[in-house]
Amino acid sequence: MAAGLGLASGKAIESKAFLTDYYRVYVVNTQSWFDNTSLYIHYWGGASGTTWESCPAMTEAVSDYYSGLYYYDVPNDTTNFLVKQGTGGVADWKKTANFTIDLNKTQAYSIEPSVSGQPASIGSHTVLLSAAQFTGVLYHIDSCSGDHAEGYEANPQLNNLFVNNIGSSEKALFPTTMVTDYVSENLSHDLGKTATVSITNKLAMLQAKYDAAHPAPGTVNIASVIDDKS
């Protein structure tokens, strides 16, 4: 990836899910809370979850927003999560307090270190990215995938958490700020064909694909009719 775009390196292994019943949790490390190279997530409350030993690493999407913007895709029936500095048992100050998932997908989360060796607090965070930093988020969204966490079904969440909060001067850079898009459906980042597009064009593609999948009441989705007849 190009330098200066606020992207983390080493994306061969990502926190991604290929099912449509997943939800992407975004966490901001606001105050250099951790002393490891990764954040780990422990989630529970749904049909499946993690254990202390199986906590997976989160993916860093933007390296230069505070001390990193991270994400992980959890099953959409997950009710609670916490973030840790490593797997297995850790000291209280190396984990956050428990937090309830926002199933409306209208908030990101921030880690706020506490004092006296207690678990860090975690709360709602309004993400204010630059256009260049936003490419780090879009890099992990595949326009041709119908996945709720990483495809065009994530379009409402992208708007709620990021686009709506980006300032007008940064939005003016969308037509000239480029991002890698993945144009082979159902293939991973490593296998899919790629194209370099502007933020404006990628957002337009995501919106068009989302709208086609969710036609207004009383309208007919021609593409789905054609698919059904073929």
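Preceding this paragraph is the structure being described.
All values reported here derive from a predicted model rather than from experimental measurement.

Trainee: I tried to follow the packing of aromatic side chains on my own but got confused; where do I start?
Mentor: Aromatic rings in a pair are described by how distant their centres are and how their planes are angled relative to each other. One pass over the structure, following the stated rule, counts 9 aromatic pairs. For the ring pair Y65 and Y66, a centre distance of 4.9 Å and an interplane angle of 80 degrees mean the geometry is edge-to-face. Among the aromatic residues, those joined into a ring-pair cluster are Y26, Y71, F134, F162 and F174. The ring centre of Y71 lies 4.0 Å from the NZ or CZ of R24, which sits over that ring.

Trainee: Can you walk me through the nonpolar core in this structure?
Mentor: Soluble globular proteins: nonpolar side chains tend toward being buried together. With 28 residues, the main nonpolar core has Y26, L69, F134, V137 and F162 as its most contacted residues. No other element matches helix α1 (residues 131–138), which puts 4 residues into this core. When near neighbours in sequence (up to four residues on either side) are disregarded, V137 contacts Y26, V62, L69, L129, L158 and F162. If you look at the next biggest cluster of nonpolar residues, it comprises 18 residues, including V25, V83, I101 and I122.

Trainee: Can you help me understand the sheet that holds strand β5 (residues 80–84) in this one?
Mentor: By definition, the strands of a sheet pair up through backbone hydrogen bonds, in either a parallel or an antiparallel sense. Ordered by their spatial adjacency, 3 strands build an open sheet running β2-β5-β6, and the pairing between neighbours is antiparallel. Of all strands in the sheet, those with a lone pairing partner are β2 (40–44) and β6 (99–100), marking the two edges. Here β5 runs beside β6; their pairing, made up of 2 bridges, is antiparallel. For F81, the partnering residue across the bridge sits in β6 and is F99.

Here is what the cut-offs are and how they apply
- Residues numbered from 1 in each chain as written.
- Predicted model: local features only at pLDDT ≥ 70, side-chain atom pairs only at ≥ 80, totals over all residues.
- Heavy atoms only, no water.
- Phe/Tyr/Trp six-rings, centres within 6.5 Å; stacked < 30°, edge-to-face > 60°.
- Lys NZ or Arg CZ within 6 Å of the ring centre and 35° of its normal.
- Core = buried A, V, L, I, M, F, W, Y, C linked by side-chain atoms within 4.5 Å.
- Buried < 20%, exposed > 50% of the residue type's maximum accessible area, 1.4 Å probe, protein only.
- Helix = DSSP H or I, 4+ residues; strand = E, 2+ residues; numbered from the N terminus.
- Contact = heavy atoms within 4.5 Å.
- Pairing = 2+ DSSP bridges.

Treat this as a map of the structure, not an account of what it does.
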